Structure formats: structure tokens, C-alpha cells
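Fold and geometry: a report
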Amino acid sequence: MAKVLLVDDEMTMVQMVTEFLRQEGHEVFPYTNFKDAIAALETHTPEIVISDLYFDKTRAHGLEILQKARSITPPASVIIITAFGSIETAVEAMKSGAYDYLEKPFKLDELNLCIQRALSYNEAISENLYLKKQLKKKYQFSQIIGTAPKMQEVFKMVERTADTDSTILILGESGTGKELVARALHFNSKRQFAPFIPVNCSALPENLLESELFGHRKGAFTGAINDKKGLFQEADGGTIFLDEIGSMPPVLQSRLLRVLQEREVRRVGENVPTYINVRVVAATNEPLEERIKDGTFREDLYYRLNVISITMPSLRERRDDIPLLVSHFLKNKINPRSGQPVQITRQTMEVLTAHDWPGNVRELENAIERAATLCENNVIQVNDLPPSLLKALPQFSSTPAVSGEIAQLPMSNTSATPLKSGTGAEGEMSALAQAGTGHPDLPLKDFLREQEVAYLNRTMALVGGDKEKAAILLGVSLATLYRKLSEDGIS
Ligand SMILES: Nc1ncnc2c1ncn2[C@@H]1O[C@H](COP(=O)(O)OP(=O)(O)O)[C@@H](O)[C@H]1O
Ligand SMILES: [Mg+2]
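Since the structure is predicted, the reported quantities are computational estimates derived from the model, not experimental observations. (Residues numbered from 1 in each chain as written. Chains lettered and ligands numbered in written order. Predicted model: local features only at pLDDT ≥ 70, side-chain atom pairs only at ≥ 80, totals over all residues.)

Attention now moves to the site of ligand 1. Around ligand 1, the structure places 17 residues, and the nearest of them are Ile145, Gly177, Lys178, Glu179 and Val361. For the shell around ligand 1, the secondary-structure elements that each account for two or more residues are α7 (178-187), α13 (322-338) and α15 (360-374). When its residues are assigned to classes, the shell around ligand 1 shows five nonpolar, eight polar and four charged. Looking at which domains feed residues into the shell around ligand 1, each of domain 2 (144-313) and domain 3 (315-409) gives three or more. (Near = placed C-beta within 6 Å. Helix = DSSP H or I, 4+ residues; strand = E, 2+ residues; numbered from the N terminus. Nonpolar A, V, L, I, M, F, W, Y, C, P; charged D, E, K, R; others polar. Domains from an automatic or database assignment.)

Structure below.
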């Protein structure tokens, strides 16, 4: 059962086909006048349009209805009926997007078959579009990991603004996921099937950036041997992502401002502007307000770009997300390559969680990738982490990271475990030897307490008072450490 709009100037033909299609169970809107039929397209929104196509002296009847039928939402499939022998007309119609054509006289069964095919084709198309859309949505959002409140804010903003044409400015340190968010904005918008074009504004010299962005005419400058489309035009219908906008040279800032205001671009060496339909998403890790103050960034451009801004939290502001990110990278980025699941020890995870990550998620991702490549038996240990990270841990700053030593990282709550070299047993002995006075005149409880206080003091001094690091070294939770410090009167 389908909604069919039928138009032919032969009344008998219309009557016959209408009767037949109704018998077949279709809902039919018959017309003998093209003008009326065209006007009725939007009210009836038929799935199928069957139209006669013939030329009189001035124009092709039927082509107009064909175009209109393709432009309504959802577009109708058009079956063209042509007079016997006018194959050129049929070809013309197919080129203009008709689904199929039938030559007069045709059998009614033939018409019915044609309708059935058009219907299942429509269904396949819309299903395919739907699936594609779902896939992209799922894909793009599941790629952004974050449960921290600040990430939830980011998600909310992306959802709210993705399907608008607003210019968006994404702020945040390097590696915090600005480009990922720009992609999510694009792939969750109606522009998703048009291009997403990322441009790194700091990576190109000024003269190249201009012709890259806006294109050039052949001969506009030395080396311009051909006409070239700019990236703005490449992105037509889609999204252009202007990364590191803070380093865009001032001359180009003025040109960009004009593009944003007038929605048209001029190629280098050309006076005629071209209209463009592009959504602009920009990103920067620089404090633009300061750039404005020192005169290197245009204030008016800043206000144009900053209609809506999304701020990405640094990774150290959302440490709780680190284990989640690690597991995401291990599962989705590492394992598919090696085919073997890679695991990570708890203490490695603790080190990862305590690190400050100046390079944010990118640095974390690289560290995990490196560790997964280096690690033995598919288990990532602390010593598989990059040296820069190990250097920040106090016990590695004095001695180079040798795997044997690192295995000594305290894991349990036994506070008498030594910090430095040796096997476990040896270490315990030396710790005792070092701390013991030789007078067994103290109850064991008090002795242990004394040891603990001394040990905690030493550890705190070693880490310069950084409780997070101390907790890792001692193998206790931060909460436990706080409790012990307060019990033992250590500040
Ligand atoms: N929230 C996140 N979840 C998963 N991966 C992330 C996240 N944020 C960043 N990444 C990954 O970190 C790397 C850097 O992200 P990117 O978007 O290029 O950062 P930026 O543009 O801010 O420098 C990319 O490989 C990206 O996939
Ligand atoms: Mg980036």
C-alpha cells in the first residue's frame, strides 16, 4: 500500500490506472492537470509519482513535476510514462532523477511491479540512511570518554549545539579532545554526510594558508599554475574546523571575519565572491583575551567566533576518568592490533592516576600505546611507562628506572616495607636494622607505631608533601593516608 500521485492529460488513461491501483490497495490522487498536480505534491506527500512526460513546442511537461517531487521530504520516487518512441525523453527524465520509465502502451502488471520495486528501493534507502546515522552517532559519542561533571557539561553542549549552524569556539589545553568534540559536532548534525575539513592554522605559512583556505586563481601568484578551490569551498555543505585559531596571522583574521559576516569567499586573485554554506568550528589552547590585549588577535573576530564556547577540562581536573580512558585505549586502540588483551597492574594504574598529564589525553594515549608495545606477557608494569613519567616519581629521580627496583613499589599496607632497592625480605630486614634501637623495652604496638610515624615522615619529606604521590608509594588509598597522618599528628 502506497500513496500514489498520478498525472496524465489523457482522462481515460488516468481513470484506468487509478481504478487498477486502487484495486491493488494503493491510495491514489489522480490529476489531469500538471499545475494542480504540482500544487498537490506538498499536501499529499506521495511516495510514488507517476507522470506522463511529453514535449510541446515550448517545454517538457513532467520534468517540472519530477524536480518538485524529488525536492519534497521525503522525496517521492517518480515513474515516468513516455509516448512510444520518445526514448530521448526517457533518458532525459532518468538523468533528472526519475526512478524508472514505462513506454506506452504498458501492461498494468508492469506498472505494479515498477511501483513495488520503487517502494522497496525507498525503504532500503531510508533504512540505510537511518543506520548510517545511528552508526555515526554511536561511533562519535562512544569515542569521547568522560564521566566527570565537566565532561558531562561538554556532552550536553555538544548535544544542544550540534545540529545548529552556530559558530563554536572550543577552548582547552592541547590534547584535551578539542578535535574530537569538533568531529562530534559535525557528525551529530545534518551536515554529517558533507565533508568535515580540519585546518591547522599554525601549521602553514601565511601566504599558503590564505590560498589553502580561500583558494586561488591560476596566475594569482608565482606557483599558482592552476585554479585552486579553497578549503572553505571543499567544506561546502559541511563543517570547517579551524584548529589553533590563535596563531592565525592578523591579515587572515580580517579575511576570515569577512567570510563569517558575509558567508562568501573570494579566491586569491579573484574579485567575484562565491557563496558558501559552511559551519565554522574553531579551537584554541591560547588565552585569546591576552592575544587581544597584546594586539595579535582581533577582538571583533573573537566575538564572532565565541558565539558559543565549549571548554574542555584538563585531564588532571578529571583524574577519576583516567582508569576509564586507559581501559578504552587498551580495548579499542591497542587490542585490535595485537589480538591479545593487554592488562595493567594496579600500581601502574595508580601512578597513571597521580600523574599531572601536561599533554592531557593525548599524552596518556601515547603512554599507554608505548607501554602496551613494550610490556612483557601483555601486562603493563610501572616500568613500561615513559621515562618522563617515572622521573616525576621520587624514588626514580635519584636512580634510573631499572625493572628490578620498580617491582619493589609497595603494594600492601605494611608500612615497614622499604622504599629503596633489594628484594622484599632483604628490604624489611634493612628497614628494621635501620630503625631498631636494640632495646626490647617497648611493647610491639608502640614500636610499630614509632616506625610508622618515622616512615610516614620520611615518605612525606621525600615527596615534598604531595599526599597523592605518598599514597601511591605507600600502597594505601588517599583516605587511609589522611587518616594515618592525622592519627600520627603529621601535617
Ligand atoms: N575524552 C576522550 N576520550 C577518548 N579519547 C580522547 C578524549 N579526548 C581526547 N582523546 C584522544 O586524545 C587525542 C588528542 O585529542 P584531540 O582531540 O586531538 O585533542 P586537541 O585537539 O585538544 O589537542 C586523540 O587521539 C583523541 O582521540
Ligand atoms: Mg588538536
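That bond from Lys104 to Pro105 is cis: its omega, -10 degrees, falls within 30 degrees of zero. Secondary-structure assignment places Pro105 in the loop between β6 (100-103) and α5 (108-142). Unusually for a residue other than glycine, Asn360 sits at a positive phi of about 55 degrees. Within the secondary structure, Asn360 sits in helix α15. Its identity as a non-glycine residue notwithstanding, Asn377 has a phi of 55 degrees, on the positive side. Secondary-structure assignment places Asn377 in the loop between α15 and β17 (379-380).

On to the environment of Asp356, then. Inspection of the secondary structure puts Asp356 in the loop between α14 (346-354) and α15. With 39 residues separating them in the primary sequence, Asp356 and Glu317 have C-alpha atoms 9.1 Å apart.

So, about the sheet that holds strand β8 (residues 196-200). As a general point, the strands of a sheet are linked pairwise by backbone hydrogen bonds and lie either parallel or antiparallel. Spatially, the five strands line up as an open sheet ordered β8-β11-β14-β7-β15, and their pairing is parallel. Of all the strands in the sheet, just β8 and β15 (308-311) have a single pairing partner and so form its edges. The mean inter-strand angle of the sheet, taken between neighbouring strand axes irrespective of direction, is 20 degrees. Direction of pairing for strand β11 (residues 239-243) relative to strand β14 (residues 279-284): parallel, over a ladder of four bridges. The partner of Phe241 across the bridge, within β14, is Val281. (Pairing = 2+ DSSP bridges. Axes fitted to C-alpha atoms, helices over the stretch in contact; angles between N-to-C directions.)

Formed by 41 residues in total, the largest nonpolar core has its most connected members in Ile170, Val181, Phe232 and Ile240. Those residues in contact with Val181, other than ones at most four positions away along the chain, are Ile144, Val154, Val158, Ile170, Ile310 and Met312. Ranked by size, the runner-up nonpolar core spans 29 residues in total, among them Val382, Ala470, Ala471 and Leu474. (Core = buried A, V, L, I, M, F, W, Y, C linked by C-beta atoms within 7 Å. Buried ≥ 20, exposed ≤ 12 C-beta atoms within 10 Å, placed from the backbone. Contact = placed C-beta atoms within 7 Å.)

In terms of burial, β11 is largely enclosed, as five of its five residues are buried. Going residue by residue along β11, you find Thr239, Phe241 and Asp243 tucked away on one face and Ile240 and Leu242 tucked away on the opposite face as well.

This part is about the confidence of the model for the protein. Do not read the fine detail of predicted coordinates wherever pLDDT is low. For the protein, the average pLDDT comes to 81, and 83% of its residues sit at 70 or higher. The low-confidence segment residues 396-439, where pLDDT is below 50, has 48 contacts with residues more than four positions distant or belonging to other chains. (pLDDT = per-residue confidence, 0-100.)

Now for the packing of helix α2 (residues 34-44) against helix α3 (residues 63-71). The contact between α2 and α3 brings their axes to 10 Å, and the two run at 5 degrees. Taken together, the axes of α2 and α3 lie roughly parallel to each other. Of the residues in α3, those touching α2 at Phe34, Ala37, Ile38 and Leu41 are Glu64, Ile65, Lys68 and Ala69. Considering only residue class, the contact of α2 with α3 consists of six nonpolar, no polar and two charged. (Parallel < 35°, antiparallel > 145°, perpendicular 65-115°, else oblique.)

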